[in-house]
Amino acid sequence: LAVAIVLAYPIKVLLRVLTGKGRIKGATKRMVIVGFDGMDPQLAQRFMDEGRMPNMKAIAQQGHFSPLQTSWPSMSPVAWSSFSTGVDASRHNIFDFITRDPCTYLPILSSTEITQGEKALLKIGKKEFFKKPTGGIRLLRKGKPWWAILGEKKIFSNIIRVPITFPPEKFHGACLSGMCVPDLKGTQGSFSFWTTDASLTGPEAGGDVNMVGRQGKIVRCSITGPADPGAAKPEPMRIPMKVEILVENQKLRLTIGAKGQDQVVELGVKEYSDWITLEFKSKHGGAKAVGIARFYCMGTDPEFGLYMTPIQIDPANPIMPIAHPTVYSIYLAKKHGPFATLGLAEDTWALNERVIDEEAFWKQALNIWEERRLQLFDALQTTKKGSVVCVFDGTDRVSHMFHRYLDPEHPANEGKDTEWGKDKIAEIYQKADDLIAEVQTKLDPKRDVLFIISDHGFCQFQRGVNLNAWLRDNGFLVLKGDAPVDEESGKQISRDWLQDVDWSRTKAFSLGLTGLFINRKARERDGIVEEGEE
């Protein structure tokens, strides 16, 4: 392949000269866009005025700084899709993180469709032969991203972790997918937590809490992986793990895997391990799946608690298309080491469920930030003309989880720390400012142009409205006669995923963060609302 590329290079150069493709006529030869998800313009202005963001303040004074209106609805997948395609949600078809399957009314990802199946090439009677997989992964976002348009002119783009780019589209450039990349289990992020603390209950969502016994200084458990493809009934693949508590309860030794094939990892309390490769093998055949995860010990005395991040798709050995070309993620992993690939990599669920604390979440966010920084500067080094885009998620995730600290009276502060994290939003903005200063050292003002962008801002969230309850009370949503009754209000309620809704009498329902759906005839499975005036 290398020889073929070298031999073809002069021909490619000649074709570009003759066709003009790849030639950039203007003075600007490279456009660099650094995205900070959820960076609020008002907070940015405040921190610039306080002297915490001197580099961005200088850019604002020399260039331009302006608060922009975000997308409608005002959510990351919607806004970033508009950034990529130049059109609004009515054209790119991304209205929320999730939407509903019109055949089942169950929630599905709005951006990606993953299907599985087999088709027999030869069928004799009831026997099927030469089966081939018919499933696949499809990006549901419509519209053409601007880097694909540049690619048609042979102008190269390096697109790093822009949301709603999974699976990556083919174009003249490189792309590392962002938001909506699943974990190895096929979820949007499922943590694992092993503990001896019986007061902890199973989480509402986001992962598993596993009760374990302790024999002296040893805890034995197993790591649950993806479903075993060879099993007749659904069952996960597992890896055994032994945990030894060492050095006056301040250190752990993890032995992961069966004897003879195990790997040993040591880490301290309140300390993240490096990325650990986990190889899951089927008990019913030769199938296997490889992922990576990090471990963090919350404590050993009086109660034991060990957290594991969601098992990420291994960028050095991806089982799903997370990059274009495929070798791009492999190249980054070989050059800079393993890195988080999950679309929503910072584990907000683990903090919500209190299996980790704010300090553990902050350390995780910084680890991921550093991985992204290395990827950005690699792109700046290798992409001398065209465009480079890199999105940093830390500003958004830290703001989501620490915004309560900005209001001492916030109801979410009850029973939680109100001091340790009160300056963390300012610190992550300062890290963004330091990053921009570093980026500027790699730019040539005569040929490069820099954009710093954000998809939405932030404000305090203290009150929520259950839209389905409002629809029920106003006669648009009707529950079945045997639906459960809420003891406090005396009104009927539905269990999860609208399973107690009577679709034959329901005209509208809500799903997702902002979605209101009309139960339309010929569109929804049991639609009753006629087209037109109704």
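Right above here is the structure, for reference.
Given the structure is predicted, the values throughout are model-derived calculations rather than measurements.

1. Observations concerning empty space enclosed by the protein
- In the structure shown here, the tally under the stated rule is 2 cavities of 30 Å³ or more.
- Looking at the largest cavity, its volume works out to about 50 Å³.
- Residue lining of the largest cavity: Trp275, Arg294, Thr309, Gln312, Ala340, Ala345, Gln364 and Ile368, and that is the complete set.
- For the lining of the largest cavity, a count of residues per class yields 4 nonpolar, 3 polar and 1 charged.
- Taken as a whole, the second largest cavity holds about 30 Å³ of empty space.
- In terms of lining residues, the second largest cavity is bounded by Trp147, Thr165, Glu169, Phe171 and Cys175.
- Considering only residue class, the lining of the second largest cavity consists of 3 nonpolar, 1 polar and 1 charged.

2. Let's talk about a positive patch on the surface
- On the surface, a cluster of positive charge is contributed by Lys12, Arg16, Lys21, Arg23, Lys25, Lys153, Lys154 and Lys385.
- Secondary-structure assignment places arginine 23 in the loop between helix H1 (2–19) and strand E1 (30–36).
- According to the relative accessible area criterion, arginine 23 is partly exposed, its value standing at 47%.

3. Details of a nonpolar patch on the surface
- A cluster of nonpolar residues, Tyr9, Val13 and Val17, forms a patch on the protein surface that exposes about 290 Å² of accessible area.
- With respect to the helices and strands, valine 13 occurs in helix H1.

4. Details of the packing of aromatic side chains
- Going through the model one piece at a time under the given rule, you end up with 19 aromatic pairs.
- The interplanar angle of 70° and the centroid separation of 5.2 Å between the aromatic rings of phenylalanine 47 and tyrosine 429 together place this pair among those described as edge-to-face. Placement of phenylalanine 47 in helix H2 (residues 41–49) and of tyrosine 429 in helix H11 (residues 424–440) is noted, with a sequence separation of 382 residues between them.
- The exposure class of phenylalanine 47 is buried, given its relative accessible area of 3%.
- Taken together, the ring pairs connect Trp80, Phe83, Trp146 and Trp147 into an aromatic cluster.
- Over the ring of tyrosine 405 we find arginine 404, and its NZ or CZ is 4.3 Å from the ring centre.

5. Here's the deal with the sheet that holds strand E14 (residues 236–246)
- Spatial ordering of the open sheet is given by E12-E13-E14-E15-E16, a layout of 5 strands whose pairing is antiparallel. Every interior strand has two partners, whereas the edge strands, strand E12 (214–215) and strand E16 (263–268), have only one.
- Where E12 lies against strand E13 (residues 218–227), 2 bridges are found, and the strand directions are antiparallel. What sits directly across from glutamine 215, in E13, is isoleucine 218.

6. Digging into the packing of H2 against H11
- Two elements in contact, H2 and H11, have axes whose closest approach is 11 Å; the angle formed by their N-to-C orientations is 80°. The orientation of H2 with respect to H11, classified from their angle, is roughly perpendicular. For the pair H2 and H11, the contacting residues are Leu43, Ala44 and Phe47 in the first and Ile425, Ala426 and Tyr429 in the second.
- Its residues assigned to classes, the contact of H2 with H11 shows 6 nonpolar, no polar and no charged.

7. Notes on the sheet that holds strand E21 (residues 312–313)
- On the basis of which strands lie adjacent, the open sheet formed by 3 strands has the order E17-E18-E21 and antiparallel pairing. Only two strands of the sheet have a single neighbouring strand rather than two, namely strand E17 (276–281) and E21.
- Sheet topology note: the E17/strand E18 (residues 288–293) ladder contains 6 bridges and is antiparallel. Across the sheet, the residue bridging to leucine 278 is glycine 291, located in E18.

8. So, the state of the cysteines
- A full pass over the atoms with the stated rule returns 0 disulfides.
- Take cysteine 221: it sits in no disulfide, and the sulfur closest to it among the cysteines is that of cysteine 297, at 12 Å.

9. Concerning the pairing of E14
- Relative to E14, E13 runs antiparallel, the two being bridged by 8 bridges. Directly across from serine 222, in E14, lies its bridge partner proline 240.
- Here E14 runs beside strand E15 (residues 251–256); their pairing, made up of 6 bridges, is antiparallel. By the bridge assignment for E15, leucine 246 is matched with lysine 251.

10. Quick notes on helix H4 (residues 76–85)
- When you tally the buried positions in H4, you get 9 out of 10 residues, the bulk of the element.
- Close packing links the buried residues of H4 with E1, helix H5 (89–92), helix H6 (146–152), strand E23 (386–392) and strand E24 (448–453).
- The positive-phi residue at the C-terminal boundary of H4 is glycine 86, with phi of around 80°.

11. Comments concerning the pattern of salt bridges
- Under the defined criterion, the tally for this structure stands at 37 salt bridges.
- As a salt-bridge pair, lysine 422 and glutamate 419 come within 2.8 Å of each other at their nearest N and O atoms.
- Its relative accessible area of 45% is what places lysine 422 among the partly exposed residues.
- Glutamate 524 is paired through a salt bridge with arginine 523; the nearest N and O atoms lie 2.5 Å apart.
- Within the structure, one salt-bridge network assembled from shared partners comprises Glu346, Arg372, Asp393, Asp396 and Arg397.

12. Remarks on the nonpolar core
- Grouped together as the largest cluster of nonpolar side chains are 55 residues, with contacts concentrated most on Phe36, Tyr307, Ile356, Leu376 and Tyr429.
- Broken down by element, the residue count for this core peaks at 9 residues, all from helix H9 (residues 358–382).
- With residues near it in sequence (within four places) discarded, tyrosine 429 still touches Gly38, Met39, Asp40, Leu43, Ala44, Phe47, Met53 and Ser399.
- Of all hydrophobic cores here, the second largest spans 27 residues; its members include Val243, Ile245, Ile276 and Phe304.

13. Re the side chain of aspartate 183
- Within the secondary structure, aspartate 183 sits in the loop between strand E9 (173–176) and strand E10 (191–195).
- No salt bridge is formed by the buried aspartate 183; its nearest oppositely charged neighbour, lysine 185, is found at 6.5 Å.
- Within the local environment of aspartate 183, its side chain forms a polar contact with the backbone nitrogen of serine 190, the two atoms lying 3.0 Å apart.
- Setting aside its immediate chain neighbours within four residues, aspartate 183 contacts Gly189, Ser190, Pro310, Ile311, Ile313 and Leu342.

Cut-offs applied
Residues numbered from 1 in each chain as written. Predicted model: local features only at pLDDT ≥ 70, side-chain atom pairs only at ≥ 80, totals over all residues. Heavy atoms only, no water. 1 Å grid on protein atoms, 1.4 Å probe; cavity = no way out; pocket = protein on both sides within 12 Å on 5 of 7 lines; lining within 4 Å. Points joined across faces, edges and corners; volume = space filled by probe spheres on them. Nonpolar A, V, L, I, M, F, W, Y, C, P; charged D, E, K, R; others polar. Patch = residues over 30% accessible without salt bridge, like charges linked within 9 Å, V, L, I, M, F, W, Y side chains within 5 Å. Areas by Shrake-Rupley, 256 points an atom, 1.4 Å probe, with all protein chains shown as cover. Salt bridge = Lys/Arg side-chain N within 4 Å of Asp/Glu carboxyl O. Lys, Arg positive; Asp, Glu negative; His and termini not counted. Charge placed at Lys NZ, Arg CZ, Asp CG, Glu CD. Helix = DSSP H or I, 4+ residues; strand = E, 2+ residues; numbered from the N terminus. Buried < 20%, exposed > 50% of the residue type's maximum accessible area, 1.4 Å probe, protein only. Phe/Tyr/Trp six-rings, centres within 6.5 Å; stacked < 30°, edge-to-face > 60°. Lys NZ or Arg CZ within 6 Å of the ring centre and 35° of its normal. Pairing = 2+ DSSP bridges. Axes fitted to C-alpha atoms, helices over the stretch in contact; angles between N-to-C directions. Parallel < 35°, antiparallel > 145°, perpendicular 65-115°, else oblique. Contact = heavy atoms within 4.5 Å. Disulfide = S-S within 2.5 Å. Core = buried A, V, L, I, M, F, W, Y, C linked by side-chain atoms within 4.5 Å. Polar contact = N/O pair within 3.5 Å; in protein donor to acceptor, adjacent residues only side chain to side chain.

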